[in-house]
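Coordinate inspection notes
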Amino acid sequence: MLRIAVVGSGPSGVYTAEALARQDAVPDVAVDVVDRLPCPYGLVRYGVAPDHEKIKSLQGNLRRVLEDPRIRFLGNVTVGGALDPQALLSLYHAVVYCVGAATDRRLGIPGEDLAGSHSATRFVSWYSAHPDEDPDEFVLRARSAVVIGVGNVAVDVARILARGGEELRRTDVPDAALHALQDSRVTDVHVVGRRGPSQAKFTTKELRELGGLPGAEVVVRSDELALDPAYADPSGLPPAARRNVEVLRGWAERPAAGRARRIHLRFFLRPVELLGDDAVTGVRFERTAPDGQGRVAGTGLLEEIDAQLVLRSVGYRGVPLAGLPFDASAGIVPNNEGRVLRDGQPSPGEYVAGWIKRGPTGVIGTNRPCAKQTAAALVADAPLLLARALPVDPLEGLRALGAEPVEWSGWEAIEAAEAELGRSLDRPTVKIPDWAGLLTAARPIL
Ligand code: NAP
């Protein structure tokens, strides 16, 4: 039997497990999907915004894969320390790392660490009930928030701030975050891009959604659109960028609706400094101008936007895992079609898929072909991998190395506890936001 560990149970990990279980070349396979958290689904559970029910429902598809008898979920297993890549490889013929990009990119400008300045990824983790976040971390006393970056994460956090709590009551957002959002004083959210509207990274579907929020309106300045060379004639743009420009143009021409909250979409402003002594009071930007080659150059003109909350939403970044090679400039594990490269050579039995393989780009579905490519490489290597004798059940080996795995039944118990928590609060399922709560639910004391 070919025994494989997949590290990480987000979309890339689950799609990898699926591709390995459903291939025909090696009929006898057993895949353990291990995760640091006691809960599966990675960013589908801890990154997709709570009001994106349709994308969240993907959990149903991932669940069906993890219920395949050839696949076993083992949560609460941290790779590192005694259970390092070498130890893991002594328990399995192959290990596929699908650990994503676990941290945020930095701006590298003064004031970045002032109180009130956070990475958007932490804000996302907070409203998604990630157990590493303090449930009481965000008290939204700010009236004005600046979101730096114009990708889909920026759109998500701006939308959640602009929705306020009441609209999120019927989602699985944790209770402390719901109350903070209900009590929020934020009236203005400025989402700021350093380049032009035709170069924004958000997708049109997500952008359009901002225009449909009941209590908020989108404000776009036509003079900033006009700075974009593509604005006058967007016909030469790639379709996605053309659609974005058209949506923004429509909003710029619309009269103000006088709603309680506003999302200001701003362009051609590069952040140079976060202002404030102890806590952030604003952001200083430099106006930029297109250089004709897709980039921008500074103009020397400065502009400040008041803000008591700053969310830096400039992309995720991969983190090195001790014992695995790492390309720090790209934030990925060096690989060839998913085979981990050590000193330029494929390392037998070690693979990667997802963001740690190719960088933090693409939508959830992008991970499926990426995972298939890695699985195909592993299956092609199977005759070599199977030559190595292994202990009978890796679960015993994991336990011997100090792991206390939460198995699928434990996860089901967490799901039941979250449904019960929701019932007690007169809400749908409500996520448990802390380690103690999750582990107690997973292993009820009988
Ligand atoms: P992203 O799409 O890479 O966007 C990052 C943004 O930050 C860009 O606007 C970028 O501008 C800007 N930026 C980078 N460095 C900067 C700097 N030093 N100063 C100012 N701005 C800077 O990253 P993301 O929004 O974190 O999203 C990550 C991935 O998850 C994407 O593939 C996204 O589509 C996906 N995602 C999808 C959804 C969804 O489908 N609903 C939701 C969330 C995330 P430049 O372009 O100028 O570099």
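Reading the values: the criteria
- Here the residue numbering is sequential within each chain, running from 1 through the sequence in written order.
- For a predicted model such as this one, the threshold for reporting local features is a pLDDT of at least 70, and the threshold for listing and counting side-chain atom pairs is 80 or more; totals across whole chains, interfaces and linings nevertheless cover every residue.
- Side-chain numbers here rest on the full set of heavy atoms in the structure, without hydrogens or water.
- Working definition: helices are DSSP H or I runs of at least four residues, strands are E runs of at least two. Numbering for both runs from the N terminus.
- Based on C-alpha atoms, the radius of gyration is set beside the globule rule, defined as 2.2 Å times the residue count to the power 0.38.
- Three labels apply to residues, based on accessible area from a 1.4 Å probe with only protein chains included: buried if under 20% of the type maximum, exposed if over 50%, partly exposed otherwise in between.
- Whether two residues are in contact is decided by their heavy atoms: any pair within 4.5 Å suffices.
- For accessible areas, the Shrake-Rupley method is used with a probe of radius 1.4 Å. Any residue's cover is judged against the shown protein chains and nothing else.
- The sign given to each residue is positive for Lys and Arg and negative for Asp and Glu; His and the chain ends receive no count.
- Lysine's charge is taken at NZ, arginine's at CZ, aspartate's at CG and glutamate's at CD.
- What counts as a salt bridge is simple: a side-chain nitrogen of Lys or Arg found within 4 Å of a carboxyl oxygen of Asp or Glu.
- Cavity and pocket criteria rest on a 1 Å grid covering protein atoms alone: a 1.4 Å probe that fits but cannot get out defines a cavity, protein on both sides within 12 Å along at least 5 of 7 lines defines an open pocket, and an atom within 4 Å of a point defines a lining residue.
- Grid points are joined across faces, edges and corners, and a volume is the space filled by probe spheres set on the points.
- Gly counts as polar in this scheme, as do all residues outside two lists: the nonpolar Ala, Val, Leu, Ile, Met, Phe, Trp, Tyr, Cys and Pro, and the charged Asp, Glu, Lys and Arg.
- In this document the domain limits rely on a domain assignment from an automatic tool or a database.
- The criterion is simple. A nonpolar core is a set of buried Ala, Val, Leu, Ile, Met, Phe, Trp, Tyr and Cys residues joined through side-chain atoms within 4.5 Å.
- Note on pairing: two strands pair once DSSP finds at least 2 bridges between them.
- Lines are fitted to the C-alpha atoms to define the axes, a helix being fitted only along its stretch in contact, and any angle between axes, read from their N-to-C directions, falls within 0 to 180 degrees.
- If even one non-hydrogen atom of a residue comes within 4 Å of a molecule or strand, that residue is called near it.
- In the analysis that follows, any N or O atom pair within 3.5 Å is treated as a polar contact, provided that within protein one partner can donate a hydrogen and the other can accept it, and provided that, for residues neighboring in sequence, both atoms belong to side chains.

**Topic: the overall build of the protein chain**
- When helices and strands are counted, the protein chain shows 17 helices and 18 strands.
- In terms of C-alpha radius of gyration, the protein chain reaches 23 Å, essentially the compact-globule figure of 22 Å for 446 residues.
- Viewed in the frame of its principal axes, the protein chain has a C-alpha envelope of about 70 × 55 × 40 Å.
- In the protein chain, which comprises 446 residues, the proportion classed as buried is 54%.
- Within the protein chain, counting contacts between residues at least 6 apart in sequence, those at least 24 apart form 75% of the total.
- When the accessible surface of the protein chain is summed, it comes to about 19100 Å², and 53% of that surface belongs to carbon and sulfur atoms.
- Here the protein chain contributes 52 positive and 57 negative side-chain charges, whose respective centroids are spaced 4 Å apart.

**Structural notes on the pattern of salt bridges**
- Summed over all chains, the structure comprises 38 salt bridges.
- Its salt-bridge partner being Glu224, residue Arg266 comes within 2.7 Å of it at the nearest N-O pair. Of this pair, Arg266 sits in strand S10 (residues 261–266) while Glu224 sits in helix H10 (residues 222–226), and the two are 42 residues apart along the sequence. As far as burial versus exposure is concerned, Arg266 and Glu224 are alike and both buried.
- In this structure, Glu224 and Arg287 form a salt bridge, with 3.0 Å as the shortest nitrogen-oxygen distance. With Glu224 in helix H10 and Arg287 in strand S12 (residues 282–290), this pair connects stretches of sequence that are 63 residues apart. Residue Glu224 shares its accessibility class with Arg287, and that shared class is buried.
- Sharing partners across several salt bridges, the network here consists of Asp51, Asp156, Arg159, Arg163, Glu167 and Glu209.

**Points about the layout of surface pockets**
- Space inside the second largest pocket adds up to approximately 280 Å³.
- Taken together, 15 residues line the second largest pocket, and the ones lying closest to its centre are Lys56, Gln59, Asp172, Thr429 and Lys431.
- Sorting the residues of the lining of the second largest pocket by element identifies helix H3 (53–56) and helix H16 (408–424) as the ones contributing at least two each.
- Looking at which element gives the most residues to the lining of the second largest pocket, the answer is H16, with three residues.
- Broken down by class, the residue content of the lining of the second largest pocket amounts to three nonpolar, four polar and eight charged.
- Shared between two domains, the lining of the second largest pocket takes at least three residues from each, and those domains are domain 1 (2–102 + 318–406) and domain 2 (104–315).

**Topic: the nonpolar core**
- Tyr127 and Leu265 are the most contacted members of the largest nonpolar core, which totals 53 residues.
- When near neighbours in sequence (up to four residues on either side) are disregarded, Leu265 contacts Val191, Leu207, Leu210, Val218, Val219, Val220, Glu224, Leu248 and Trp251.
- In this structure, Ala21, Cys98, Tyr351 and Val406 belong to the second largest nonpolar core, which totals 44 residues.

**Looking at the sheet that holds S10**
- Read from one edge to the other, the open sheet built from six strands follows the order S6-S14-S7-S8-S10-S9, with strand pairing classed as parallel. Only two strands of the sheet have a single neighbouring strand rather than two, namely strand S6 (117–119) and strand S9 (216–220). If you compare each strand with its neighbour and ignore which way they point, the axes differ by 20 degrees on average.
- Two elements, S9 and S10, share five bridges in a ladder whose sense is parallel.

**Looking at empty space enclosed by the protein**
- Evaluation of the coordinates by the stated rule reveals two cavities of 30 Å³ or more.
- Roughly 60 Å³ of volume is contained in the largest cavity.
- What lines the largest cavity is simply Asp104, Arg105, Ala120, Thr121, Val153, Arg312, Ser313, Val314, Gly315 and Tyr316.
- Estimated volume of the second largest cavity: approximately 50 Å³.

**A look at the side chain of Asp156**
- Here Asp156 shows up in helix H7 (residues 152–163).
- The class of Asp156 is buried, set by a relative accessible area of 11%.
- The contact partners of Asp156, leaving out residues within four places of it in the chain, are Gly47, Ala49, His52 and Tyr127.

**Structural notes on the site of the ligand**
- Near the ligand, the surroundings consist of 22 residues, among which Val150, Val153, Arg194, Arg195 and Gly362 are the closest.
- Between the ligand and the protein, one listed contact pairs an oxygen atom with a side-chain N or O atom of Asn152 at 3.1 Å.
- Between an oxygen atom of the ligand and a main-chain N or O atom of Gly362, the distance comes to 2.9 Å.
- If the ligand stood free it would expose 920 Å²; the protein chains cover 85% of that surface.
- Among the elements that make up the shell around the ligand, the one with the highest residue count is H7 (three residues).
- Its residues assigned to classes, the shell around the ligand comprises nine nonpolar, seven polar and six charged.

**Points about the sheet that holds strand S4 (residues 94–97)**
- Read from one edge of the open sheet, seven strands run S3-S2-S1-S4-S18-S17-S16, paired in mixed fashion. Taken across any chain shown, the strands that pair with only one partner, and hence form the sheet edges, are strand S3 (71–74) and strand S16 (335–336).
- Two strands pair when backbone bridges link them, and strand S2 (residues 29–34) and S3 are joined in this way by four bridges, in the parallel orientation. Looking across to S3, one finds that Asp32 is bridged to Arg72.

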